[in-house]
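Listed here are the chains, written in short residue letters.
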Amino acid sequence: MHYFIGNLGHLFVIISLVTALASAFSYWKSFYSTQELIGKGWAFNGQVAFYIHALSVLGIVTVLFTIIYRHYFEYHYAYSHSSLHLQAQYMLSCFWEGQEGSFLLWMFWQAILGLILIHTQSAWRAPVMMVFAMVQAFLASMILGVVIPGLDFKIGSSPFILLRDAMDDPIFKTNPEFIPKDGHGLNPLLQNYWMVIHPPTLFLGFALTLPPFAFCLAGLWQKKYSEWIKPALPWALVGGAILGLGILMGGYWAYETLSFGGYWNWDPVENAVYVPWIVLIASIHVMMLTKSNGTALKTSMLLVISVFILILYSTFLTRSGILGDASVHSFTDLGLSGQLLLYLLFFTIASGVLVAVNWKKIPSDEKEVSTYSREFWIFLGATVLCLMGFQVLLPTSIPVYNKIVGFFGGHSNLAPPANQVEFYSKFQLWFAVALAMVSGSAQFFWWNKMSREKWKDLLAPALISLIVFALIIAVAKVYQPAYLALTLSGVYLIVSNIRILASVIKGKVSLSGGALAHIGVGMMLIGLMFSSGYSNIVSLNTNGLPISKDMGTDFNRDNLLLFINEPKSMAGYDIEYRSENVEFRNKRGYVRKNDIEPTPDPYRVVANKDIFYKGEKMYRAKDTLDIYPENTYYEIELRKNGNIAATLYPRIQINPSMGGFLASPDIKRNLNRDIYTHVSLTLNREEEPQWSKPEEVKVKIGQRFFINDYVAVLEEVKRIEKVEGLELTGEDIAVKARVRIEGEHEPFYAEPIFMIRNKTEVGRMASEINDLGVRVLLASIDPKTGEFTLICDSRQKDWVVIKAIEKPYINVLWLGTGVLMVGFGLAAARRVKEFRKLHY
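Worth saying up front: this structure is predicted, and the values here are computed from it rather than measured.

Sorry, what's going on with the overall build of the protein chain here?
When helices and strands are tallied, the protein chain shows 22 helices and 28 strands. Dimensions along the principal axes, computed over C-alpha positions, put the protein chain at roughly 115 × 75 × 55 Å. Taken together, the 74 basic and 69 acidic charged side chains of the protein chain have centroids lying 12 Å from each other.

What follows is the structure, encoded as structure tokens:
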């Protein structure tokens, strides 16, 4: 039992909480100190306290990762999220899979950002760092894991709790020092490279919403109502880029790992991140307007505060357990819902009071805004963005509304939308159309100072957009009104911003960020329209026979039954199911299950033949190799004109603790489309198959015969000294026959065994070839004639049911995300350079 390391981690948590509170108090005293020397002393104390806080956070991270990496399964966190056989790179995913680890990741990023602010913002340091330290104190309390004696009130959930304290298992009563030999393991859906980088990126985005919020509160606190915009804007831009990138990574992960057929499912947890980002984008645009000419200052304040409050609200939604079964992503309640609500209410009320107290003193622009002004168009775009977020936020919050009504003694049975994809998409599509049209026009107003006489400047982009739009709908045959509107608006957004890009890039490349970002958004809209609106199921069952009577009409219509080594046609390809495979543990690639023999260790197998993968020899026959047995990969071969176009390996895992059947797709990527394929149903090997009536065949060595229409030949019969699972004595006799069976693509070998034990007891061991669905038994041997009696029977061949979806022009979407991030990066880099020039 490694008690010390857990106690050390808990000590670091306590230090981090105490020093965060001490730092906040010191900075508060520094700000209100009337004597400069005393104020500097308190500021120094606050700085030192935050340094110690940051070091303690690093200590918590180091201790927790050590517990996970070294497999200290006496700790509940390590046991719940890791296992001995987990790949090394996924140890990082274990760290932030649980609530405590994700809170810690959030703290870690904010500690780093706090250190940066301490060394770059001398004039704003005290009020900004007071807000930072208070937020850090709240986060530290979330992993404190202390129960107040007498009140039975729990503060936080500790990642350093022992397994025996977390689980009520009788074994700990008889043996308190019991340590499991292995852990529960990481959720298989999270064993993906995107899950190594997506959560830290997302939580860095969360952390980056804090600096603008802190600057805004500091501005209100110091009566510097407009000065805070300048230092806050670079942080908002970087935060928008990073949080957006994190969201996009989540979409990539969903596309490659989940089997619902897309990249965005409007799940409540997805919505809870989407809404703050949408409002953050709105706040960035309004802040740029305020920085430029001082207008919309109050709106900037409200939006910046709303972004951080929405981040806290999303945390409450996903971690309080309030969503229940409404989301597949939400965490279970660890008893922290009250603490999370307190966290949310504290900063909501504090910021609300600050705004209310200063509202009348905040400068406002009283002059009438012209429709030809950039202020009008930027504000219009920000309004559309906020409405987009509001439309998603309301239905997502239905479980919260029900809880509030219940708390006051009422009853509400409102339910979230049944078909959430259809519900949200029908509204968000039209918002996106409006946003694209406004954004495409607003860029001209921002750069060209438009007037009534300059409206003709929009004529050329509009005409070009109509021409490109006509070509697209003619070639791609887009006819639905909503998709026509989305396509036209996306094209207009691209064309208008290409025009702007061409003009601004001549002066300074760094000014091109905004235009590039808007071009990326336009490409994403077109890619979304094609890949989602015109996605097409190509695995149609055309033979008229149901695949399964237990499944519904949609399943039997949209899925394709493939028998092993029997090709069918699909989406212009010949498609063929070739084999079941498992993944190598220490090498890249897969090995067929029929080419390996099990050992007592499920993670180690023995090759029964030379193992090749993509033409490369990986192992020799009789070699012992390491595998990952949890997942089964189905080799699906796509051929075109007789040549192999792709080999797909869609994955399944039968995992009762994760809901049973877990499927992940594999994707054939083309320039103009993806073919997205996942397994829908597989053969249940635990059920005894129905075998045909046995057929008796008498053959001699070298003689050819037929087994279930396959050509076979008895190659040899030889005596063997060992039989797996049995002990042979000196008087026992065992022989093994080797029967070669010609399959569709390659030969297979059946090796039935015939035994005589204790001179009179006859034993037989049949040999089954899964790929062919045949079984061979060596029934008897006639030494006089040299004939061997084989009993052969057959069953239904191995099969798999797949669903394949064609995603046209999805690469336009992915390319658009890249262009968006490049544009965001250029815009953020420009503001960061300005930030470095500031001397605050």
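Here the narrative resumes.
Honestly, the environment of Ala350 in this entry has me stumped. Any pointers?
The residue Ala350 is located in helix 14 (residues 337-358) in this model. On the accessibility criterion, Ala350 (31% relative accessible area) is partly exposed.

I would appreciate a short explanation of the packing of aromatic side chains in the present structure.
The final tally for this structure, using the stated rule, is 45 aromatic pairs. Ring geometry for Phe203 against Phe206: centres 5.3 Å apart, planes inclined by 70°, an arrangement best described as edge-to-face. Pair noted here: Phe203 and Phe206 are both in helix 9 (residues 194-208), with a separation of three residues, about one helical turn. An aromatic cluster is defined as three or more aromatic residues linked by ring pairs; in this entry it consists of Tyr193, Trp194, Tyr252, Tyr255, Tyr263, Tyr676 and Trp814. Over the ring of Phe103 we find Arg319, and its NZ or CZ is 4.7 Å from the ring centre.

Looking at this model, I keep getting lost on the state of the cysteines. Mind explaining?
Working definition: the covalent bond between the sulfur atoms of two cysteines is a disulfide. Throughout the structure, instances matching the rule amount to zero disulfides. No disulfide involves Cys386; its sulfur sits 15 Å from that of Cys216, the nearest cysteine. On the accessibility criterion, Cys386 (25% relative accessible area) is partly exposed.

Please clarify how the packing of helix 10 (residues 210-222) against helix 13 (residues 297-319) should be interpreted in this entry.
The geometry of a pair of packed helices is captured by two quantities: the angle between their axes and the separation between those axes. Two elements in contact, helix 10 and helix 13, have axes separated by 9 Å at closest approach and are oriented at 135°. Considered as vectors, helix 10 and helix 13 are oriented oblique to each other. Here helix 10 runs over helix 13; the crossing is left-handed. Note on element contacts: helix 13 touches helix 10 through Met301, Val304, Ile305 and Phe308, opposite Leu210, Pro212, Phe213, Cys216, Leu217 and Leu220.

Which parts of the structure should I look at to understand unusual backbone geometry?
Leaving glycine aside, a negative phi is the common case for residues, and trans is the common case for peptide bonds. The phi torsion at Lys223 lies on the positive side, around 65°, for a residue other than glycine. The topology assignment puts Lys223 in the loop between helix 10 and helix 11 (229-257). A residue is classified by how much of its surface remains accessible, and Lys223, at 42% relative accessible area, is partly exposed. One non-glycine residue, Asp709, lies in positive phi territory at about 75°. Its location among the elements puts Asp709 in the loop between strand 19 (704-707) and strand 20 (710-719).

For this particular structure, what's the right way to read the pattern of salt bridges?
Proximity of charged atoms lets side chains of opposite charge pair with each other. The final tally for this structure, using the stated rule, is 25 salt bridges. Glu637 serves as the salt-bridge partner of Arg639, at 2.6 Å between the closest nitrogen and oxygen. With respect to burial, Arg639 and Glu637 carry one shared label: buried. Among the salt bridges present, the one from Arg669 reaches Asp674, with a minimum N-O distance of 3.5 Å. Sharing partners across several salt bridges, the network here consists of Glu576, Arg578, Glu637 and Arg639.

What is the right way to look at the nonpolar core in this model?
Nonpolar side chains in soluble globular proteins tend to end up buried together. Of all hydrophobic cores here, the largest spans 153 residues; its most connected members are Trp106, Trp228, Ile284, Phe347 and Phe824. If you tally residues by element for this core, the top one is helix 11, at 16 residues. Formed by 27 residues, the second largest nonpolar core is a distinct cluster that contains Ala482, Ala515, Ile519 and Met529.

Which parts of the structure should I look at to understand empty space enclosed by the protein?
The method is simple in principle: a probe with the dimensions of a water molecule rolls over the atoms, and the space it marks as empty is what remains. Per the counting criterion, the structure on display carries four cavities of 30 Å³ or more. In this model, the largest cavity occupies a volume close to 70 Å³. Elements that contribute at least two residues to the lining of the largest cavity include exactly helix 12 (268-293), helix 15 (374-396) and helix 17 (420-448). By residue class, the composition of the lining of the largest cavity is nine nonpolar, three polar and no charged. Approximately 50 Å³ is the volume found for the second largest cavity. Taken together, Asn271, Ala272, Val275, Pro276, Leu310, Tyr313, Ser314, Leu317, Val392, Leu393 and Thr396 make up the lining of the second largest cavity. Breaking the lining of the second largest cavity down by element, the ones donating at least two residues are helix 12, helix 13 and helix 15.

Sorry, what's going on with the side chain of Asn565 here?
Relative to the assigned elements, Asn565 resides in the loop between strand 4 (560-563) and strand 5 (568-570). Residue classification places Asn565 among the buried positions, given a relative accessible area of 6%. In this structure the side chain of Asn565 is engaged in a polar contact, spanning 3.3 Å, whose partner is the side chain of Arg578. The residues touching Asn565, leaving out its near neighbours within four places in the chain, are Glu576, Tyr577, Arg578, Glu744, His745, Asp771 and Lys797.

Any chance you could explain the packing of helix 10 against helix 11 here in plain terms?
The interhelical angle for the contact between helix 10 and helix 11, taken along N-to-C directions, is 160°, at an axis separation of 8 Å. Put simply, helix 10 runs roughly antiparallel to helix 11. Seen from above, helix 10 lies across helix 11 with left-handed handedness. Side by side, helix 10 and helix 11 meet where Pro211, Pro212 and Phe215 of the first sit next to Pro231, Ala232, Trp235 and Ala236 of the second. For the contact of helix 10 with helix 11, the per-class residue count stands at seven nonpolar, no polar and no charged.

Explain the sheet that holds strand 26 (residues 774-782) to me, please; I cannot follow it from the model alone.
Picture the strands of a sheet paired through backbone hydrogen bonds; they go either parallel or antiparallel. Ordered by their spatial adjacency, four strands build an open sheet running 18-27-26-25, and the pairing between neighbours is antiparallel. Only two strands of the sheet have a single partner each, and these edge strands are strand 18 (695-699) and strand 25 (767-769). Averaged over all pairs of adjacent strands, the angle between strand axes in this sheet comes to 25°, irrespective of strand direction. As judged from the eight bridges shared by strand 26 and strand 27 (residues 787-794), these two strands associate in the antiparallel manner. From the neighbouring strand, Val776 faces strand 27, where its bridge partner is Cys792.

I would appreciate a short explanation of the pairing of strand 27 in the present structure.
Every regular strand shows the same layout, with side chains that alternate between the two sheet faces. Taken across its eight residues, strand 27 has six buried, putting it largely inside the fold. Pairing of strand 18 with strand 27 involves five bridges; the strand directions are antiparallel. Residue pairing in the sheet places Glu695 in a bridge with Cys792 of strand 27. From the end of strand 26 to the start of strand 27, which pair antiparallel, there are four residues, and Gly786 there has a positive phi angle of about 75°.

Help me out: how do you make sense of the side chain of Ser489 in this one?
As for its position among the elements, Ser489 is in helix 19 (residues 481-504). The buried category is assigned to Ser489, whose relative accessible area is 0%. When neighbours within four sequence positions are excluded, Ser489 is seen to be in contact with Val433, Ala436 and Met437.

Rules used in this analysis
Residues numbered from 1 in each chain as written. Predicted model: local features only at pLDDT ≥ 70, side-chain atom pairs only at ≥ 80, totals over all residues. Heavy atoms only, no water. Helix = DSSP H or I, 4+ residues; strand = E, 2+ residues; numbered from the N terminus. Lys, Arg positive; Asp, Glu negative; His and termini not counted. Charge placed at Lys NZ, Arg CZ, Asp CG, Glu CD. Buried < 20%, exposed > 50% of the residue type's maximum accessible area, 1.4 Å probe, protein only. Phe/Tyr/Trp six-rings, centres within 6.5 Å; stacked < 30°, edge-to-face > 60°. Lys NZ or Arg CZ within 6 Å of the ring centre and 35° of its normal. Disulfide = S-S within 2.5 Å. Axes fitted to C-alpha atoms, helices over the stretch in contact; angles between N-to-C directions. Parallel < 35°, antiparallel > 145°, perpendicular 65-115°, else oblique. Left-handed = near helix turned anticlockwise from the far one by under 90°. Contact = heavy atoms within 4.5 Å. Salt bridge = Lys/Arg side-chain N within 4 Å of Asp/Glu carboxyl O. Core = buried A, V, L, I, M, F, W, Y, C linked by side-chain atoms within 4.5 Å. 1 Å grid on protein atoms, 1.4 Å probe; cavity = no way out; pocket = protein on both sides within 12 Å on 5 of 7 lines; lining within 4 Å. Points joined across faces, edges and corners; volume = space filled by probe spheres on them. Nonpolar A, V, L, I, M, F, W, Y, C, P; charged D, E, K, R; others polar. Polar contact = N/O pair within 3.5 Å; in protein donor to acceptor, adjacent residues only side chain to side chain. Pairing = 2+ DSSP bridges.

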